[in-house]
Every structure is written in structure tokens, then in C-alpha cells.
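Breakdown of the fold
Below, each chain spelled out in residue letters.
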Amino acid sequence: MGEAVRVKDLSVWYGSQKALDNVSITVPRGSVYAILGPSGCGKSTLLRAINKLVLLRDGVRVEGEVRVFGVDVYRDPRGEEVLARVGMVFQTPNPFPHLSIYDNVAIGPRLRGQSKGRELDELVRWALEKAGLWEEVRDRLRKPASELSGGQQQRLCIARALALRPGLLLMDEPTANLDPLNAARIEELVKELSREITIILVTHDAEQAQRLARRGALLFMGRVVEEGLLSGILSRPYSKVLQALVAKCRVAGGDGEATEPLLP
Amino acid sequence: MRLHSLKRAVLDRVFLAVTASATLALLAVGAFIVAISAVESFPVIAALGPALFIEPPGLPGGEFGGLGPVLVSTAVIVSLGVLVGSLIGVPVGILMSECRGSWLARAADAALQAISEIPSVVVGLVVFVVLVLPMRTPSAIAAAVSLCITALPYIAAQTRESLAAIPLSYREAAFSLGLPRWKAVLRLLVPMNARGVATAVLLGGARALGETAPVLFTAGAAFSAFYGLIGPSSTLSLLIFYFAPSPYENWRRLAWAAVLLLVALTIVLSSAVRRLSRGVKM
Ligand SMILES: Nc1ncnc2c1ncn2[C@@H]1O[C@H](COP(=O)(O)OP(=O)(O)O)[C@@H](O)[C@H]1O
Ligand SMILES: [Mg+2]
């Protein structure tokens, strides 16, 4: 099958602060891959380093290699092409506030000149159906997206990403700001989508990770401390795993890195 | 301990008294300006009625006349100046926000800084040398160019600020769609920020409307008719400048009418700016 993403010796700095330190992970195709760790450990940074969104921030420096579907996205000119097939869903639902529900989904393919007219209508409908939102919005596609509830907005953002026909979907704690019911819907969705799309799911919820993913990585203070089957990483309760890491880090005197809040 | 807290209470009072009286003084100045303008101009405006907006000014010492031609040239000059100023200023603002740190953005920033720091009478003088002398006449065009230059830094800076204020999460959403950068900016972020751009343009308008110095040597002083783009012209602020100190009662009255119009227009523009920029909901 080959891998969807291979990150090798990746380091990211925000100014002088090192947020990722020599991170290497391998994400196989056609599955859900979980990135776990306490908040501030660099999960979001790692996700944004994969699709280069991290470069939007000031003073960022990236070193190392990120291959998406075999292409080195930081050096290969084909990188842009490959990244056009990478969708992203964020921690806080962020539909475009000036666009209608329809246009939020349509804008990507439209601006990329990939489809228009009837074909675009079909694509929007398909994406909204996939995201489990179609029935709720079919009568008000022209209404502003801001009228939707938080959970609906997040599903709209999923539809917006799906309309790009992505081969890879990056999800940064997509349920963190939702109530349990809406969170459960999104989890269902992730399960379903993972049959066709590779998904990298950032979460600090170990149970969610185990429900959705088989493989993953555990990050701690910018480093990968474990990678592989989640059954192995989480053979002990997650809180115990984190406590052990914190204790080890104290003994090592912080290991020279700036200390950040260690627990979620 | 007691003494300490007493001293503190006294200082607090003093602080309050000083800042409050300064604020009151400011309010008084503002109220005074508005009141004087209103008291001086309302009778004129009431006496003239619609003629104020149509008739040319009367002869020195004669009838009142009106501000018709001046209003036309003001509208033409200010709109033209702000239009061109926006065509340049908005893209420059976009560049300064989206290519922050690039040498081009830094150069633009330095240039705008310089322009906004030069006294506006110098801008007028430069345009006089570059345009009015070769054309052998002051003109609406030359005045528009002067006002365009004066308004430019405001338009660009406001555009830049409003774009920079777009929350990172929308920016990330826009850039997560696999679009080329220029497309993400021009087709998503700028429309998202349409109000910010409108605010920038209106701010430039308010700026241009209020300035006198840039048009002093460039517009001419043709108050009785609008002579087209390359003919001599005038603006409201210029009319005030020439008419207010004149020895003719009717001209002084007209100047006050112009004052009220100018103040009203400026207030309308600035409150539009404020409303727009407050209403940006993200
Ligand atoms: N824009 C930024 N500037 C400076 N430091 C940042 C920035 N974004 C994140 N960081 C720091 O980088 C580290 C990793 O952050 P992040 O990737 O957001 O962690 P997580 O997603 O695991 O909570 C944190 O210590 C955070 O404070
Ligand atoms: Mg995060």
C-alpha cells in the first residue's frame, strides 16, 4: 500500500522556541492515525507542518522532511499539487463567515476551477451528505453559515474539506469544542470516512483515539516518545503514561527545553 | 499605615480631578466648535434653502448666492482622488499585510510613512511644480492628485490593519483549500474583509474632504462654475479659506454655510467608518 505521510527528523521553531524536536512518524494509507499528547506538546504544530500551514505564523522555521504520498512537500515543486489533495478540519469550527452554507463547501472546487454549475451542485450535495449535514441544510443552502449550530458548523467544515476530494484529511481535535452528542456524530463520521480516506486525528482524548484509530504516536514536549499500535502505547492508562513522562522529565531536569504546561 | 492610605486617597482624588477637568475642557472645546458653526451657519442655510446647493456664490457684497459649483467640484475632486488613492492604496495595503517582512512590503511601508509625515502643504507644492506649472493652470486633476497622495497612507494602512485583524483560524481555513496564495488572499480573505476595505476607502474620503493645504496651490479658486477636469476648480475647504476672512458679509456667510456642510459630511463619513469597522463580525 505504501504510506500516506512520512515525517522524518522534523524540527519546528517559533522564533527561538523549539516546538518540535526531530519528529519522525509514518502514517500508513487508508486508516486513522492518532496523534496523542498533553496540550502544548506540539500536536497542532505537527499537523500544520504536514500541510505547511505552520508557515502562516510569524518567525517559523522548519527543518527536516515531510513526504505526503511520496512527495517532499517542502522541496518538491509537485508539493503544491499534492497538498491540494489534503483537507483540514480545525479545533474550532471556522466556516467562512461571509459565505453561505453552499458557498462554504463550493468555494474550494470553484476557486480551483475544478467544477461549476450542475457538477458543482452535485459535488456540494455529495460532500454535505458525506458529512451528514445534507438533510439539515438542504432547504437553506443560501443562508449564512453562521446561522448553524456549533456541531453543524463543524460538519460543514468537514464537508468543505471533503469537497476537495482529499486523499488525506488532517483533523485537529475536531470534537474538542463540541457537546458529547455532536462529538459522537463526528466520531461516527471519522469512522465512515476512514474507509476511503487516510485520516490523521489529533486528540488529547485517549479513549477517542482508541475508538477510532489503530496506530498513532504519543508526543511529549515536542518529541515523539512512542509510535506504533495504540494498544501498545496505551497498554497502561493514559494518565499513568503521562505521569510517568512528567516524572522522567523532572528527573532529567527538563532536558534543556522550555517547560510548558504538561497536563491538559 | 493610616497616613499612607490617606495620602493614597488624596492622590487618587487629585488624579481624578485632573483627568476629569481635562476631559471636560475637551468636551467644551468640541461643543463650542459645533455650537459656533451651527449658530453661525443655520440662519444662512435656512435663508437660502435649496438655492444653497444650486446657485453660484453672489458677487462680493451682493446677494448670498450658493455653493452649487463648489459642491460639484468638491465631489469630483474628492471622489477622483479617493478612487485613484484606493486603486493604489488597497493593493499596497494587501501587499503589506500578506507579504509582511518582504523587502517590497518594507519599502512600501517606509514610503507611506514618509508621505504621511510630510506636511500636506508640501504635497500641494510638489504637485504644483509637477502638474500645475507645466499645465499652466490649476485644475481639478491637480487637486485630485494632491488629495490622492494625502489619502493614500490612510487607505493603505487601514487596509493592512483590517486584513491583519482577520483571525488566524479563518486565514488557516482559507489556506487549507490548496489554493495558490494570491487566490486565497484575493478571492477569500479580501472579500471576507470587504467591510475593512470599505472602511479604508471612506476613511480616505474623510481625510481628503477635510484637507485644505494640498489643494491650496493646485485647485485654483474658481468658485462660480465647474470648469471640467483640466480647468481651475475649488473645494469646500478652499472656499472657507478664501471667503471667511473676506470683507464681504455675503461671502463670510457662505463660508459658514460651507463649514456646516463640511462638518456634517465629515461626521457622516466618520460615523460610517466607525459603524463599518465595528460591524466586522468574525
Ligand atoms: N504562534 C506561536 N508562537 C510561539 N509559540 C507557539 C505558537 N504556536 C504554538 N506555540 C508553542 O508551541 C508549542 C506547541 O504548540 P501546539 O502545537 O499548539 O501544541 P498542542 O497542539 O499539542 O497543544 C507550545 O509550547 C506552544 O506554546
Ligand atoms: Mg492543539
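Scoring rules and cut-offs
Residues numbered from 1 in each chain as written. Chains lettered and ligands numbered in written order. Predicted model: local features only at pLDDT ≥ 70, side-chain atom pairs only at ≥ 80, totals over all residues. Heavy atoms only, no water. Domains from an automatic or database assignment. Contact = heavy atoms within 4.5 Å. Buried area = accessible area lost by both parts, 1.4 Å probe. Salt bridge = Lys/Arg side-chain N within 4 Å of Asp/Glu carboxyl O. Polar contact = N/O pair within 3.5 Å; in protein donor to acceptor, adjacent residues only side chain to side chain. Helix = DSSP H or I, 4+ residues; strand = E, 2+ residues; numbered from the N terminus. pLDDT = per-residue confidence, 0-100. Pairing = 2+ DSSP bridges. Axes fitted to C-alpha atoms, helices over the stretch in contact; angles between N-to-C directions. Near = heavy atom within 4 Å. Nonpolar A, V, L, I, M, F, W, Y, C, P; charged D, E, K, R; others polar.

**Observations regarding the domain arrangement of chain A**
Reports often express the size of an interface as the amount of accessible area lost when the parts come together. Residue and element names in this part refer to chain A. Taken domain by domain, chain A holds domain 1 (1-85 + 170-264) and domain 2 (95-165). Of note, the centres of domain 1 and domain 2, computed from C-alpha atoms alone, are 27 Å apart. With twelve residues of domain 1 at the interface, the matching set in domain 2 holds 13 residues. Of the roughly 1,000 Å² buried between domain 1 and domain 2 on both sides combined, carbon and sulfur atoms contribute 57%. When the buried surface of domain 1 facing domain 2 is broken down by residue, Arg 185, Leu 189 and Leu 193 rank first, second and third, together holding 39% of it. Linking domain 1 with domain 2 are two salt bridges, by the criterion used here. One salt bridge connects Glu 136 with Arg 185, and the closest N-O pair in it is separated by 3.4 Å. The tally of links from domain 1 across to domain 2 stands at five residue pairs in polar contact (both at pLDDT 80 or more). Looking at the side of domain 1 that touches domain 2 element by element, the count peaks at five residues for helix H7 (residues 180-193).

**Here's the deal with the domain arrangement of chain B**
Residue and element names in this part refer to chain B. Taken domain by domain, chain B comprises domain 1 (2-49) and domain 2 (68-277). One C-alpha centre belongs to domain 1, the other to domain 2; they are set 31 Å apart. Between domain 1 and domain 2, the residue contacts involve ten residues of the former and six residues of the latter. Overall, the association of domain 1 and domain 2 removes approximately 710 Å² of surface from exposure, summing both partners, and the carbon and sulfur fraction of that is 81%.

**Digging into the interface of chain A and chain B**
At the junction of the two partners, chain A supplies 22 residues and chain B supplies 20 residues. Both sides of the chain A and chain B interface together cover about 1,900 Å² of buried area, and 68% of this is carbon and sulfur. Taken together, the links from chain A to chain B amount to three salt bridges. Elements with a minimum of two residues in the side of chain A that touches chain B: strand E6 (86-89) and helix H3 (101-111) of chain A.

**Focus on the confidence of the model for chain A**
Of the residues in chain A, 95% have a pLDDT of 70 or more, and the chain-wide mean is 90. With pLDDT under 50 throughout, residues 256-264 of chain A is counted as low confidence; its partners more than four residues away or in other chains account for 18 contacts.

**Examining the pairing of strand E10 (residues 223-229) of chain A**
Residues and elements named next belong to chain A. As paired strands, strand E9 (residues 215-220) and E10 are joined by six bridges and run antiparallel to one another. Within the sheet, the bridge partner assigned to Arg 215 lies in E10 and is Leu 229. Between E9 and E10, which pair antiparallel and follow one another directly, the connecting turn spans two residues, one of which, Met 221, has a positive phi of 50 degrees.

**Brief notes about the sheet that holds E10 of chain A**
Residues and elements named next belong to chain A. Read from one edge of the open sheet, six strands run E6-E7-E8-E3-E9-E10, paired in mixed fashion. Both edges of this open sheet fall to E6 and E10, since each of them pairs with a single strand only. Recorded for the sheet is a direction-independent mean angle of 15 degrees between the axes of neighbouring strands. The sheet contact formed by strand E3 (residues 32-36) and strand E8 (residues 198-202) spans four bridges and is parallel. Directly across from Tyr 33, in E8, lies its bridge partner Ile 200. Sitting on the sheet, helix H1 (residues 43-50) touches E3, E6, strand E7 (168-172), E8 and E9, and the angle it makes with E7 is about 155 degrees. Across the face of the sheet, helix H6 (residues 150-162) comes into contact with E6 and E7 while running at roughly 170 degrees to E6.

**Describing the site of ligand 1**
Residues and elements named next belong to chain A. Near ligand 1 lie 13 residues; those nearest to it are Gly 40, Gly 42, Lys 43, Ser 44 and Thr 45. Contact between ligand 1 and Cys 41: an oxygen atom at 3.2 Å from a main-chain N or O atom of the residue. Taken together, the elements giving at least two residues each to the shell around ligand 1 come down to strand E2 (17-28) and H1. Tallying contributions element by element places H1 first for the shell around ligand 1, with three residues. For the shell around ligand 1, the class distribution of residues is four nonpolar, six polar and three charged.

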